[in-house]
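Working through the structure, step by step
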Amino acid sequence: MKNTLKFASTLCILALMLSLLAACGSSKPAASTATNENESGTTATDAPTTKEIPTLVWWLIGGQVPENFSKAVEQMNEYTAEKIGVKVDIKVASWGEWDTKINTIVNTGEPFDMMFTNNTKYSKQVAMGAFADITDLVQSEAPELYKSIPTKVWDGVKIGGKYFAVPTYKDSSLTQYWVFDDKLVQKYNIDYQNIKTMQDLDKPFHDMKAGEGKSFYPLQLIQGEGFPGILNNYDDMTLGFNPIGVNVEDASRKVVSVFEQPEVMTNLKLLHQWYKDGIVNPDAPTKTEGDKYRAFFSAQAFPGAEAGWQITAGIDKYVMTQIFGPLYTTSTIQGSMNVISANSKYKVEAMKYLQLVNTDPKLRNMLAFGELGVDYMNIDGEKSIERISDTWPLAAYSQGTFFNLAVTKGAPLDQWEQVKKLNEQAASSSVLGFALDIGELQTEVANCQAVYDKYRYELLTGASDPEKVIPKLLSELKNAGMDKIMQVAQEQINNYFK
């Protein structure tokens, strides 16, 4: 009896094991009976097989994530899973943390598949081997994407003759605007269209300060930006390092110490005076997130950009005046790019996803504007939209081209055609196409960047006196290897343009 029970128990265990093995070893539905055996002896079935849809980790830059963020991304994923069999897990690095966060991800080898980057990081991180070489991949797996971006723009992201990024084809040339709240323009009779220099801003700023009160700051700045555009005349050769550059109009292409240039010192002294006068917010050197409303700001922009800013700021009208450009530099082209991790298991899928972003209007609008019906409404198919919330956090410029993006209500319907014309009319920097190879300079670049980081927030927001700080900065930069960087940069430029 005991042996009989033991035998029966063994049979039960064997049966259970066989059933588990059958479950693990077969993806066929239990009811499937349509099978046949092919010549090799394997079994085929007409039952559908389910292929796992990869989910790519994509790091972007933006603001605070709203409650409906996951739902909006889920809607995107339903669409892209059907279109190309790919989903994304979008990670958002806030404006204030992006610089540090992206450096940490790359330096520690944290897994990711795609990432927004720009000229301040690109060449350094390519030199570290962080990004995949997509030269062949983009042409074989994303030919529509490759053809949609002009050769000049592709050339702007080349390093060593290879592509390591998909450039964001948009206002790829630099056009700088100064933007004013129209109510204040009318109130203080500001002739904004004829304001072209920092010196021209002095009277309007002081008029606004006197009229609006002690707690009002006409020029609100944050540490990461300083006063945007203040160094536009100098091409940084994609180094992402302001103290070294080439004047964009200098036909001799001489590499110079930017903070030693007279007009740079003049503008920084004025900015410091504004800080002392209460024109600039006192927390500018430490402030990491900008306020939604600003009475005035400086921005790289294009006609119609004010329509979106008005919604964010909650005001009736911004007015703009163009003060610089359009100008093509290698760095302006590299102002927004998306890269694929060298360690990604899904390089092909990532490339196909980036192609869809840059060629599919529906996906492009969802990424730029958020959840349909909650964050925006379509007005004319996917060609024009109305924003109905101001909480969508992702920066549209960081994702893909503008030229398949809907026009926001209030902007001219030919907005993107006007942007294309700006690109076509753009002058070229004297060193357009050149990108400094820092392979032999990584130690010096890292050391000089660390020195500059000690001073730049206060210097570029006006908090420190440039006549006192710049001599200290330059002395420490020279000790850190700036002269060697300038020498190698000059040699590379001479060889590139000979």
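You'll find the structure just up there.
Given the structure is predicted, the values throughout are model-derived calculations rather than measurements.

The linkage connecting G325 with the following residue, P326, adopts the cis geometry, with an omega of 5°. Mapped onto the fold, P326 is located in strand β14 (residues 318-328). Despite not being glycine, R253 shows a phi value in the positive range, around 60°. In this fold, R253 is placed in the loop between β11 (244-247) and β12 (255-257). On the basis of relative accessibility, which here comes to 24%, the residue R253 falls in the partly exposed class.

Further remarks concern the nonpolar core. By size, the foremost hydrophobic cluster in this structure holds 85 residues, and its most contacted members are W58, I90, Y122, M351, Y353 and L363. Counting residues in hydrophobic clusters, the runner-up holds 63 residues, among them F180, V246, L271 and L460.

Turning our attention to the pairing of strand β3 (residues 55-62). Counting buried positions along β3 gives seven out of eight residues, so the element sits mostly inside the fold. Looking at chain direction, β3 and strand β4 (residues 87-94) are connected through eight bridges and run parallel. If you follow V57 over to β4, its bridge partner there is D89. Crossover handedness for the path β3 to helix α2 (residues 69-84) to β4: right-handed. With two bridges connecting them, β3 and strand β5 (residues 114-117) associate as parallel partners. By the bridge assignment for β5, W58 is matched with M114.

The strand order across the open sheet formed by three strands is β16-β17-β18, and the pairing between neighbours is mixed. The sheet is open, and its two edges are formed by β16 (376-378) and β18 (407-408), each paired on a single side. In this sheet, strand β17 (residues 384-387) lies alongside β16 in antiparallel orientation, the contact comprising three bridges. Counted as the bridge partner of N378 is I385 from β17.

This next bit is on the environment of Q199. With respect to the helices, strands and loops of the structure, Q199 is situated in helix α9 (residues 198-212). Q199 sits in the partly exposed class, given a relative accessible area of 41%. Among all residues touching Q199, those that are not within four sequence positions of it are T266, N267 and L270. Looking at Q199, its side chain comes within polar contact range of the side chain of N267, at 3.4 Å.

Two packed helices can be described by the angle between their axes and the distance between those axes. Two elements in contact, helix α10 (residues 262-276) and helix α16 (residues 442-461), have axes separated by 7 Å at closest approach and are oriented at 75°. Accordingly, the angle class assigned to the pair α10 and α16 is roughly perpendicular. Of the residues in α16, those touching α10 at L268, L271 and Y275 are L459, L460 and T461. Taken together, the residues of the contact of α10 with α16 sort by class into five nonpolar, one polar and no charged.

In space, the five strands of this open sheet follow the order β4-β3-β5-β15-β8, with mixed pairing throughout. Of all strands in the sheet, those with a lone pairing partner are β4 and β8 (166-167), marking the two edges. Pairing geometry for β8 and strand β15 (residues 337-340), over two bridges, is antiparallel. For P167, the partnering residue across the bridge sits in β15 and is M337. Most of the contacts of helix α3 (residues 98-108) go to β5, to which it runs at about 140°, and overall it touches β3, β4 and β5. Sheet contacts for helix α13 (residues 347-359): β3, β4, β5, β8 and β15; angle to β3, the most-contacted strand, approximately 50°.

The subject of this paragraph is the environment of T330. Its place among the elements puts T330 in helix α12 (residues 330-333). In this structure the C-alpha to C-alpha distance between T330 and M237, which are 93 residues apart in sequence, comes to 6.9 Å. Other than its neighbours up to four places away in sequence, T330 contacts G156, D235, T238, V431, L432, G433, F434 and A435. At 2.9 Å, the side chain of T330 and the backbone nitrogen of G433 are in polar contact.

When the terminal C-alpha atoms of α9 are compared, their 21 Å separation across 15 residues agrees well with the 21 Å that a helix rising 1.5 Å per residue should span. When we look at burial in α9, the residues that qualify are M198, L201, P204, F205, M208 and K209. Against the buried residues of α9 lie β9 (174-181), α8 (182-187), α10 and β13 (296-300). Looking one or two residues beyond α9, the residue adopting positive phi is G213, at roughly 110°.

Take D235: it is sitting in strand β10 (residues 234-235). Of the side chains with opposite charge, R253 lies nearest to the buried D235, which makes no salt bridge, at 9.2 Å. A distance of 2.7 Å separates a polar atom in the side chain of D235 from a polar atom in the side chain of S429. Apart from residues no more than four positions distant in its own chain, D235 is found in contact with I244, G245, V246, V248, T329, T330, S429 and V431.

Looking at the element boundaries, T332 is found in helix α12. For T332, a relative accessible area of 12% puts it in the buried group. At 2.9 Å, the side chain of T332 and the backbone oxygen of S172 are in polar contact. The contact partners of T332, leaving out residues within four places of it in the chain, are S172, S173, L174 and L327.

Rules behind the numbers
Residues numbered from 1 in each chain as written. Predicted model: local features only at pLDDT ≥ 70, side-chain atom pairs only at ≥ 80, totals over all residues. Heavy atoms only, no water. Helix = DSSP H or I, 4+ residues; strand = E, 2+ residues; numbered from the N terminus. Buried < 20%, exposed > 50% of the residue type's maximum accessible area, 1.4 Å probe, protein only. Core = buried A, V, L, I, M, F, W, Y, C linked by side-chain atoms within 4.5 Å. Pairing = 2+ DSSP bridges. Right-handed = clockwise from strand over helix to strand, strands pointing away. Contact = heavy atoms within 4.5 Å. Polar contact = N/O pair within 3.5 Å; in protein donor to acceptor, adjacent residues only side chain to side chain. Axes fitted to C-alpha atoms, helices over the stretch in contact; angles between N-to-C directions. Parallel < 35°, antiparallel > 145°, perpendicular 65-115°, else oblique. Nonpolar A, V, L, I, M, F, W, Y, C, P; charged D, E, K, R; others polar. Expected span 1.5 Å × (residues − 1). Lys, Arg positive; Asp, Glu negative; His and termini not counted. Salt bridge = Lys/Arg side-chain N within 4 Å of Asp/Glu carboxyl O.

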